[in-house]
Amino acid sequence: MNAESGFNPGLNMATIRQAINETIERVRMPTPTRLRDLIRQIRAAKTQAEERAVVNRECAYIRSTFREEDSVWRCRNIAKLFYIHMLGYPAHFGQLECLKLIASPKFTDKRIGYLGAMLLLDERQDVHLLITNCLKNDLNSPTQFVVGLALCTLGAIASPEMARDLAGEIEKLMKSPNAYIRKKAVLCAFRIIRRVPELMEIFLPATRSLLNEKNHGILITGVTLITEMCENSPDTLNHFKKIVPNLVRILKNLILAGYSPEHDVSGVSDPFLQVKILRLLRILGRNDPDASEAMNDILAQVATNTETSKNVGNTILYETVLTIMDIKSEGGLRVLAVNILGRFLLNNDKNIRYIALHTLLRTVHVDISAVQRHRSTILECLKDPDVTIRKRAMELSFALVNTQNIRAMAKELLIFLEKADPEFKAQCSSSMVNSAERYAPTIRWHLDTLLNILIAAGNYVRDDVVSSTIQIISSSPSNEQGVITVKLWESIQETLDNQPLLQVAVWCIGEFGDSLLYGDDLEFTLERPTESIVIELFNKLLCSNQVNMVSKQYALVSLTKLSTRLKAGQGEIKGIVEAFGSHLNVDLQQRGVEFSQLFGSYNHLRTSLLEKMPAMTITRMNGNTEGSGEVEPSNIKVTDEKSSTNGRSNTDTLLDLLGSGDDIIMSTTSSVIPSNTTNTVESNNLLDLLGDIDLSASTAPVIVSNNNNNLLSSPVTMSIFDDNENTNISDVSGVFSLNGDSNIPDNFDLGLDAMPQSPPTNAKIVTALDKNDLFVQLSMVNQSDYQQINMITTNNSKDTLEQYLFQAAVPKSFQLQMMSPSGSVLLPGGKITQEMRVKNNSSNAVLRMKLRISYLCNGNPVLEQCEVSEFGK
Amino acid sequence: MIHAVLVFNNYGKPRLSKFYQHFSEQQQQTIIQETFQLISKREDCTCNFLELPSSFLMNASSDCKLIYRHYATLYFVFCCDESESELGILDLIQVFVETLDRSFSNVCELDLIFNSDVIHFIVNEIVQSGMVVQTNMNEILARVEEQNKICKAESGNVSAASSKAVSAMKNINLPQLKDKVFDLPNTFKDLKF
């Protein structure tokens, strides 16, 4: 072999010289530790620290030898460095030594040097420049293995510059007569194209001939390269369409050639090449009927002729199925493919089962009915011990649910949900809620399923499940409401741990307590509760430590509602509610205080205030939520909108305002209830007393007195009376996570933080402007390095104000940054918020602000200016 | 594309790490450790694939899959993207391990520890630039063997020559010379050709 000629030492001068030099050095220097001994030392180290000490000592020694230009032991030292590097210690200082080894004429040195280059080199420019030169030399070496090393290294570390510099050499080598070099060069070309796609042109001519080779190494690399080129540009893809017959022929030869010992892997002829070809066919045949047509036969042959007793056979079948599904193949072929997957599903090998599920999931959109046939097998996979398989099976199951099979599927999925790992429960329960909503055969079934989901998923359900369940119950016929309330009542008898279930149950009991206690035609598994039992349960859960704050908020509202549903027991309820007037939790305390008013001076309003809520419907979100904290009014529809515009009684409207959270709609949509404002004016004093400084009542003195309780902000207002609407809203906007999130014990505050317009507890609040029914407030909070000022403008007039623009100026010693406002249009009762950040550059300056507010009222421009200087106090 | 070939033992000690795109040393170690943590907690009855978010390989654009096999004390892990066939890579791991087995005759963890360079040479004959280059075991072994021969020939020649020279030097009774005449190392430093 010509390989040896370059290295045959013979008796030339260089070798003698080298031998003498090495001899001298061996005498001069002590022999360094052998790699073997180093490894033993490291392995003998009992602690991490000990190991580190050994490595550090050795590294120090290796560094010193590098400095000394010692060449005999360089190889050994670099080899030691690899080991040290593999263990995770820094070894980059060996880079230059590797380059020296690469430059050495000896193959041994080169081999180690290139290995080092692949392992240790970072992307430093100067080193890359040096190695590019070495590579260039070695790529032209007469020895095939030297070229091989250079190609392998280039393939591993090619940077874009290197790729550009060496592309020409690689192209030459792709035509080399030596197969060993050629296959490596082809993969180098692959790598170069990866790094610098423009260079593809150079390699195109040399690529075409690759498929005519006999050598499998070249075939496989050639197919790899062509695949990369096809994925790179559509033009090349079209260019290579004509090789489909070649590929088909190669594949055919592989299948029909029979046993060839060279390429046989457990009875299959070169599966790796087959897989690569099938992949390339997939790319070529995609969306191309002609190319697909040319492949149909061979795919059918592969699918039927492959031996599947071993993994290898399945590998090929799997790729074949994917190809059949991806290209425009014949219908019969597709059926065959899905049947193969069906067989895979029953395979004992879990890898094959995984592959089957994975592929079915990918193809389910193509041919759902074919996949549907394997439903029972897929459901079986839900019980698989392997998490990965269960997850896939779950995803696939949800993809298969439809109107016909919903009952059966839901049953299986519920069993799965019950036993599922916590990480699945959230995803699974949400998907189930969605499926149930889409395909529920009856309302009763739907409600039962929701109940079962809540029971099975426990505290892992997502927030939206609670709100959507309540919404669905609310819009159900009243007899169904009674039935589900009974079931919910019974489901919370055993444990109070399940917060989402508790919230739904408590809401329903509060809302439909009369049917629970006195309704006809209800079936109880347990005994029908008496009033005192119900009140006692509420008392228990309001005092319990297992119950989180959100659930308690639900409970307190419900209990108050119950006072109008029960025939007796108002006194008891009043007692409980009043006790919350001094609760540590601000929100509960507030509710306690407010509700006790309803038992005191405003007793006469209680019945009408706490009437049943109108049914709610939510159209699914359309994602154009305006501003940060704004609720998109279009997302919520009031079902009885008409009746309210047609002049409902004052109390009714008031009820809406207070009870159902519909106030958001009223305040933000001009289309709802023109008579709105008059109604609110009439009920103003009640609003005030309740501390509910909603939109219209904000000028009342109550605000000031309640400042410390944070009542200024609209989210609080909304959460005071009714959680359920709020949770609905949280579903819609995503910002109102106020009451839906069961995982956070006191998300009342969290909700506040999420709301830009709500001033946190320690905020200083200044009224900047109160003129023409326009009310502008600034609340200031000290952040770590700046002061955050939130501006809230409320429109108390009957008119819609447009082009609202808020401008502010501060003294030069301050820096002002204004965030974008939440909107520019103020509907009657609407709000606009804007955040400002003020940085104080000199410590003793007092913050003053000049404000300029402009807007259009009925088309007339209005300009207001004012100054605020009370911040400093 | 194969992004990395990793071998580690049951305790997470790396025995081979080979990356086909550039990572800093720190990143490499993070990847190895995370891979170990993910795979070691999987039971043997589970499937040999693990899907990961693309963030796993710090800068990879596509999704990443771990495909692994567990042999006695060692895990062989291939970290690939979508363009590789999962089952195909399993076969490739088999080929890799069988090749090791044949070149070390009954390979064990110690062989990997003490011959890490050899393992690299073998990997380089199977996978190059993150793509399979050769799967024929005979071919792989033959090429590695040929290269080993060249190395052996070189070291044989040089070391034979130099050891002869060493013995010749020893014969002139160096220590004595050193004591009497001059400081040897310094002299020899200048003596280089």
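Residue numbering note: each chain is counted from 1, following its sequence as written. Naming scheme: in the order in which they are written, chains are lettered from A and ligands are numbered from 1. Reporting in this predicted model follows two pLDDT cut-offs: at least 70 for local features of residues, and 80 or more for side-chain atom pairs to be given and counted; totals over whole chains, interfaces and linings ignore these cut-offs and use all residues. Values shown for side chains rest on all heavy atoms present in the structure; no hydrogens or waters enter the calculation.

**Q** It is not clear to me how the overall build of chain B should be interpreted in this structure. Could you clarify?
**A** Secondary structure elements are defined from DSSP: runs of H or I of at least 4 residues count as helices, runs of E of at least 2 residues count as strands, and each element is numbered from the N terminus. Scanning chain B from terminus to terminus reveals seven helices and seven strands. In sequence order, chain B lays out its α and β elements as β-β-α-β-β-β-α-α-α-β-β-α-α-α. Residues counted as buried form 55% of the 193 residues belonging to chain B. Residues are treated as being in contact if the distance between any of their heavy atoms lies within 4.5 Å. Sequence-distant contacts, at least 24 apart, represent 48% of the contacts inside chain B between residues at least 6 apart. Computed by Shrake-Rupley with a 1.4 Å probe, the accessible areas treat only the displayed protein chains as cover when residues are assessed. Taken as a whole, chain B presents about 8200 Å² of accessible surface, with 53% of it coming from carbon and sulfur. Relative accessibility thresholds used throughout: buried, under 20% of the residue-type maximum; exposed, over 50%; partly exposed, between the two (1.4 Å probe, protein chains only).

**Q** What am I meant to see in the interface of chain A and chain B here?
**A** Size of an interface, as often reported, equals the accessible area lost when the parts are brought together. Taken together, the contact between chain A and chain B spans 81 residues of the former and 75 residues of the latter. By convention, the term buried area covers the 1.4 Å-probe accessible surface removed from two parts as they join, with the contributions of both added. Both faces combined, the contact of chain A with chain B buries some 7300 Å², and carbon together with sulfur accounts for 58% of it. We define a salt bridge as a contact between a side-chain nitrogen of Lys or Arg and a carboxyl oxygen of Asp or Glu at a distance within 4 Å. Put simply, chain A and chain B have five salt bridges between them. Residues adjacent in sequence count toward polar contacts only when both atoms are side-chain atoms; beyond that, a polar contact is any pair of N or O atoms within 3.5 Å, and within protein one must be able to donate a hydrogen and the other to accept it. Between chain A and chain B we count 20 residue pairs in polar contact (both at pLDDT 80 or more) in total. Examining the composition of the side of chain A that touches chain B, we find that 11 residues originate from one element, helix H2 (residues 13-28) of chain A, more than from any other. Of the residues that constitute the side of chain A that touches chain B, the class distribution is 36 nonpolar, 18 polar and 27 charged. Classification convention: Asp, Glu, Lys, Arg as charged; Ala, Val, Leu, Ile, Met, Phe, Trp, Tyr, Cys, Pro as nonpolar; all other residues, Gly among them, as polar.

**Q** What is the right way to look at the layout of surface pockets in this model?
**A** In this approach a probe as big as a water molecule rolls over the atoms, and the regions it shows empty are the leftover space. Points on a 1 Å grid, built from protein atoms alone, make a cavity when a 1.4 Å probe fits but cannot get out and make a pocket when they are open with protein on both sides within 12 Å along at least 5 of 7 lines; residues with an atom within 4 Å of a point are the lining residues. Grid points are joined across faces, edges and corners, and a volume is the space filled by probe spheres set on the points. Considered as a void within the structure, the second largest pocket measures approximately 490 Å³ in volume. The wall of the second largest pocket is formed by 18 residues, among which Val-387, Thr-388 and Glu-423 of chain A together with Arg-42 and Leu-50 of chain B lie closest to the centre. At the level of elements, helix H23 (387-400) and helix H25 (422-439) of chain A together with strand S3 (49-52) of chain B are the ones that each hand at least two residues to the lining of the second largest pocket. By residue number, the principal contributor to the lining of the second largest pocket is H23 of chain A, which donates five residues. The residue makeup of the lining of the second largest pocket, split by class, is seven nonpolar, three polar and eight charged.

**Q** Whenever I open this one, unusual backbone geometry confuses me. Can you help?
**A** In most cases, non-glycine residues show a negative phi, while peptide bonds are predominantly trans. At Gln-803 of chain A, a position not held by glycine, the phi torsion is positive, near 50 degrees. Structurally, Gln-803 of chain A can be placed in strand S8 (residues 801-809). Look at Gln-803 of chain A and you get exposed, because its relative accessible area is 54%. The backbone of Ser-129 of chain B shows a phi angle near 55 degrees, a positive value even though the residue is not glycine. By secondary structure assignment, the location of Ser-129 of chain B is in the loop between strand S6 (127-128) and strand S7 (131-132).

**Q** In this structure, what is going on with the packing of aromatic side chains? I would like to understand it.
**A** Ring pairs (aromatic) are described by centroid distance and by the angle formed between their planes. Only rings of Phe, Tyr and Trp enter the pairing, Trp through its six-membered ring, and a pair is recorded when the two centres are within 6.5 Å. The plane angle decides the type: under 30 degrees is stacked, over 60 is edge-to-face, the rest tilted. Per the stated rule, a full pass over the model turns up 12 aromatic pairs over all chains. Where Tyr-354 of chain A meets Phe-49 of chain B, the ring centres are 5.1 Å apart and the plane angle is 40 degrees; that geometry is what we call tilted. Of this pair, Tyr-354 of chain A sits in helix H20 (residues 350-363) while Phe-49 of chain B sits in strand S3, which puts the two residues in different chains. Per residue, the accessibility class of Tyr-354 of chain A equals that of Phe-49 of chain B, and both read buried. Pairing Tyr-68 of chain B with Tyr-75 of chain B gives two aromatic rings, centres 6.5 Å apart and planes at 55 degrees, and the pair type is tilted.

**Q** Whenever I open this one, the sheet that holds strand S12 (residues 860-868) of chain A confuses me. Can you help?
**A** Whether parallel or antiparallel, the strands of a sheet pair through hydrogen bonds between backbone atoms. Residue and element names in this part refer to chain A. Spatial ordering of the open sheet is given by S8-S11-S12, a layout of three strands whose pairing is antiparallel. Every interior strand has two partners, whereas the edge strands, S8 and S12, have only one. Averaged over all pairs of adjacent strands, the angle between their axes in this sheet comes to 15 degrees, without regard to strand direction. What makes two strands pair is DSSP finding at least two bridges between them. Strand direction decides the pairing type here: strand S11 (residues 849-857) and S12, joined by nine bridges, are antiparallel. Along S12, the bridge assignment pairs Lys-850 with Glu-867. Simply put, an axis is a line fit to the C-alpha atoms, just over the touching stretch for a helix, and the angle between two N-to-C directions goes from 0 to 180 degrees.

**Q** It is not clear to me how the environment of Ser-104 of chain A should be interpreted in this structure. Could you clarify?
**A** Residue and element names in this part refer to chain A. The residue Ser-104 is located in the loop between helix H6 (95-103) and helix H7 (107-120) in this model. Taking the relative accessible area as the measure of exposure, Ser-104 reaches 11% and is therefore buried. For the pair Ser-104 and Cys-134, spaced 30 residues apart in sequence, the C-alpha separation works out to 10.0 Å. Ignoring anything within four residues of it in the chain, the contact list for Ser-104 reads Asp-109 and Lys-110.

**Q** I'm lost on the pairing of strand S2 (residues 14-19) of chain B in this one. Help?
**A** Residues in a regular strand project their side chains so that they alternate between the two faces of the sheet. Residue and element names in this part refer to chain B. Of all six residues that make up S2, six are buried, and the element is covered over most of its length. Bridge count for strand S1 (residues 2-9) against S2 is five bridges, and the pairing is antiparallel. Along S2, the bridge assignment pairs Leu-6 with Ser-17.

**Q** Teacher, can you tell me more about the pattern of salt bridges here?
**A** Side-chain pairs of opposite charge can arise where the charged atoms are in close proximity. One pass over the full model with this rule turns up 39 salt bridges over all chains. A salt bridge links Arg-390 of chain A to Asp-421 of chain A; the shortest N-O distance between them is 3.2 Å. Residue Arg-390 of chain A is found in helix H23, and its partner Asp-421 of chain A is found in the loop between helix H24 (406-419) and H25; the two are separated by 31 residues along the sequence. Here Glu-395 of chain A ties to Arg-392 of chain A by a salt bridge, and the two come within 3.2 Å at their closest N and O atoms. Placement of both Glu-395 of chain A and Arg-392 of chain A in helix H23 is noted, with a separation of three residues, approximately one turn of the helix. Judged by relative accessible area, which is 21%, Glu-395 of chain A ranks as partly exposed. Note on Arg-392 of chain A: relative accessible area 10%, which makes it buried. Taken together, the salt bridges that share partners define one network made up of Lys-391, Arg-392 and Glu-395 of chain A together with Glu-51 of chain B.

**Q** So what exactly am I meant to see when it comes to the packing of helix H12 (residues 200-208) of chain A against helix H13 (residues 216-232) of chain A here?
**A** Residues and elements named next belong to chain A. Put simply, H12 and H13 touch, their axes get as near as 11 Å, and they point 135 degrees apart. By the criterion of interaxial angle, the relationship of H12 to H13 is oblique. Pair H12 / H13 crosses with left-handed handedness. In contact with Met-200, Phe-203, Leu-204 and Thr-207 of H12, H13 contributes Leu-225, Ile-226, Met-229 and Asn-232. Residue composition of the contact of H12 with H13, grouped by class: six nonpolar, two polar and no charged. Note that the term roughly parallel is reserved for angles under 35 degrees, roughly antiparallel for angles over 145, roughly perpendicular for angles of 65 to 115, and oblique for everything else. The handedness criterion is simple: a crossing whose near helix is rotated anticlockwise from the far helix by less than a right angle is left-handed, and one whose near helix is rotated clockwise is right-handed.

**Q** For this particular structure, what's the right way to read the confidence of the model for chain A?
**A** Parts of the model with low pLDDT should not have their predicted coordinates read in detail. pLDDT is a residue-level measure of predictor confidence that goes from 0 to 100. Within chain A, residue pLDDT values average 76, and 79% of them lie at 70 or more. Contacts for the low-pLDDT stretch residues 1-7 of chain A, under 50 throughout, to residues beyond four places or in other chains number 10 contacts.

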